[in-house]
Amino acid sequence: MPWTPGPPSRRSLRHPLHDYRQPGLYFVTVCTANRQPVFGEVRAGEMHRSAFGEIAHVEWLRTFEMRPYLVPDVFVVMPDHVHLLFGLMDDGEPAPRRRDTMHGVPTGHNGGTGRNGRFGTNPVGSVSAIIGAYKAAVTRQIRQLDPTVRVWQSRFHDRVVRNNREATALRVYIQANPSSWRERG
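Residues numbered from 1 in each chain as written. Predicted model: local features only at pLDDT ≥ 70, side-chain atom pairs only at ≥ 80, totals over all residues. Heavy atoms only, no water.

Peer 1: I'm lost on the pattern of salt bridges in this one. Help?
Peer 2: Oppositely charged side chains are able to pair whenever their charged atoms sit close together. If you walk through the whole model with that rule in mind, you get seven salt bridges. Residues Asp 80 and Arg 35 are paired through a salt bridge, measuring 3.2 Å at the closest nitrogen-oxygen approach. Note that Asp 80 is positioned in the loop between strand E4 (70-77) and strand E5 (81-88) and Arg 35 in the loop between strand E1 (24-31) and strand E2 (40-43), a separation of 45 residues in sequence. Owing to a relative accessible area of 2%, Asp 80 belongs among the buried residues under this scheme. Here Asp 73 makes a salt bridge to Arg 171, at a shortest N to O gap of 2.8 Å. Of this pair, Asp 73 sits in strand E4 while Arg 171 sits in helix H3 (residues 164-176), and the two are 98 residues apart along the sequence. Through salt bridges with shared partners, a single network forms among Arg 159, Arg 162 and Glu 166. (Salt bridge = Lys/Arg side-chain N within 4 Å of Asp/Glu carboxyl O. Helix = DSSP H or I, 4+ residues; strand = E, 2+ residues; numbered from the N terminus. Buried < 20%, exposed > 50% of the residue type's maximum accessible area, 1.4 Å probe, protein only.)

Here it is, written out as structure tokens:
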């Protein structure tokens, strides 16, 4: 029987020994598709959000209204990416039983277990489920304005913040992002 290629396999970038539903401080960067500057532009060191950028900004704020176990820290919407720093608290419920929705849409894909190793399964209440729901909410609203826009890259970068010194450095980095922006060209 001849070999035929299957679907592409993707190696998870998540730390294999960390449960991303556990309380902690998380730093996430999500880039737009092909790093297109759909969220606005930086002029004189200040971010000027487009209508799409305003959607990305407001939806991140709404994330905390929908999920009381999240703690907002700092974030910035840049022309072609967002940086998000947030805390995940223990809400007293076992993580797989959390009622995790964003704007009425359930997050998590397999009853919250996410332990079968398949790409695309996000345990309910995990960083992946939270970011996936955020990206979906932003995409849904942007596509109402322009159905042709491809908003996000499929993946995102995350980091578990280990200590206060690292948290402080990340806050400075996020807040200074617009003033240190250099146009790509």
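Moving on from the coordinates now.
Peer 1: I keep staring at the sheet that holds E1 and nothing clicks. Help me out?
Peer 2: Pairing between the strands of a sheet is mediated by backbone hydrogen bonds and can be parallel or antiparallel. An order of E4-E5-E1-E8 is seen for the four strands of this open sheet, with the pairing classed as antiparallel. The two strands at the open ends of the sheet, each matched to only one other strand, are E4 and strand E8 (157-161). Strand-to-strand, the axes of this sheet are offset by a mean angle of 15°, without reference to chain direction. Pairing analysis gives eight bridges linking E1 to E5, with the strands arranged antiparallel. Pairing of Thr 29 across the sheet is with His 83, part of E5. (Pairing = 2+ DSSP bridges. Axes fitted to C-alpha atoms, helices over the stretch in contact; angles between N-to-C directions.)

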